[in-house]
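Descriptive analysis of the structure
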Amino acid sequence: MVVRVVVVGGGVSGVGSALALLQRLPQCSLTIIAEHFTPTTTGDGAAGHWEPYMSPGTSEEKIIQWSRETWELFRGWWESGRQMGVSLAYGEIISRDHMQENPWRHVPLAYRTLTDAECTKYGPQYRSGYTFGTFSAEVSRFLPVLLEEVKELGGRLEVRRLSSLTEAAQEADLVINCSGLGARDLVPDPAVYPCRGQVMRVRAPWVGRFLCDESDESFAYILPNIETVVVGGTHQDDDWRLEVDPADSRVIWDNCTTLMPSLKAAVVVQEWVGLRPCRKGGVRLEADQIKVDSRTVPT
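Counting of residues starts from 1 at the beginning of each chain's written sequence and follows it residue by residue. Totals for whole chains, interfaces and linings use all residues, but because this is a predicted model, local features are given only for residues with pLDDT of at least 70 and pairs of side-chain atoms are given and counted only at 80 or more. Heavy atoms throughout the structure, all of them, feed into the side-chain values; hydrogens and water do not.

1. Description of the overall build of the protein
Looking only at helices and strands, the protein has seven helices and 15 strands in total. Relative to its length of 299 residues, the protein is compact, with a C-alpha radius of gyration of 20 Å against a globular reference of 19 Å. Expressed along its principal axes, the backbone C-alpha trace of the protein runs to roughly 65 × 40 × 35 Å. Within the protein, the proportion of its 299 residues that are buried is 48%. Only heavy atoms enter the contact rule, under which two residues are in contact if any of them lie within 4.5 Å. For the protein, restricting intrachain contacts to residue pairs at least 6 apart in sequence, the fraction spanning at least 24 positions comes to 75%. Strands here are runs of E lasting at least two residues and helices are runs of H or I lasting at least four, both read from the DSSP assignment and numbered beginning at the N terminus. Radius of gyration means the value over C-alpha atoms here, while the globule rule gives 2.2 Å times the residue count to the 0.38 power. Three labels apply to residues, based on accessible area from a 1.4 Å probe with only protein chains included: buried if under 20% of the type maximum, exposed if over 50%, partly exposed otherwise in between.

2. Topic: the packing of helix 1 (residues 12-24) against helix 4 (residues 139-152)
At a minimum axis separation of 9 Å, helix 1 and helix 4 run at an interaxial angle of 35°. Considering the relative orientation of helix 1 and helix 4, their crossing is left-handed. Counted together, V12, V15, A18, L19, L22 and Q23 of helix 1 and V139, F142, L143, L146, L147, E149 and V150 of helix 4 form the full contact between these two elements. Tallied by class, the residues present in the contact of helix 1 with helix 4 amount to 11 nonpolar, one polar and one charged. Note on geometry: axes are lines fitted to C-alpha atoms, helical ones only across the stretch in contact, with angles between N-to-C directions running from 0 to 180 degrees. For any pair of crossing helices, the crossing counts as left-handed if the nearer helix is rotated counterclockwise from the farther one by less than a right angle, and right-handed if it is rotated clockwise. Put simply, Ala, Val, Leu, Ile, Met, Phe, Trp, Tyr, Cys and Pro go in the nonpolar bin, Asp, Glu, Lys and Arg in the charged bin, and everything else, Gly too, in the polar bin.

3. Concerning the pairing of strand 9 (residues 210-213)
The two faces of strand 9 match: F210 and C212 on one face and L211 and D213 on the other face are all buried. In this structure, strand 3 (residues 86-95) lies alongside strand 9, joined through four bridges in parallel fashion. What sits directly across from E92, in strand 9, is L211. The criterion for strand pairing is that DSSP finds at least two bridges linking the strands in question. Bridge count for strand 9 against strand 10 (residues 220-224) is three bridges, and the pairing is antiparallel. From the neighbouring strand, D213 faces strand 10, where its bridge partner is A220. Linking two consecutive strands that pair antiparallel, namely strand 9 and strand 10, is a turn of six residues.

And the structure:
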């Protein structure tokens, strides 16, 4: 019997999960169902900068494990020379406050704590920081490649808005839920909420290092990609707005050009808004099941 698998979600998690499954079980029948595929997923607008986010409610051990596995994947793509949108950059994270030692400092390249003098060269207000080498993996470049690999292995894509996971389970023996923010309604899981992010992409080919200010009052990040530099940003919980907010644009521009004055000569080529999926209580990654008539479908 051929096992029917439905993956819900066409973003990085959904397509990546589908590809991993097809590589291990090529005999299965797999369909990805999503309302949006690249280039209109949330990930397509992101800089793809690798740095672990220590999500409250999620174990530090798990976050570091997932982050290390992602790091090794990006390193493999970069070393292969494939056109996957992966670049390597070094840079600094600084703050006006004293930052704790990072538990993931052993994963990236050349990680070390900045000296007082290295911090204050950005301004006397900066009191701590660290430097390391990391990868940027641009979703808009690698996601189409992964989708082609899924199709080459026999996976199908279906553009459809689902009303629930039960709808997906009606035509599956296994459902893999990678719906991100959509899980709020599809599961349903009311603990899921959006965190609004607004960024600009600018042309600034002289920027080769990343630089981030993690201070609350002057939060800013400058992340070089292959052809553009991503400057941002916002972190607005429970904010569903998808329109570019001119007030946010002004704050982003002021914070980033104060942090790196040479950006004043950059040309803005795009402004973009995306809704990050977040969850009260932390990441939920676990087995579940759905009752469909007389069947129980694992998910």
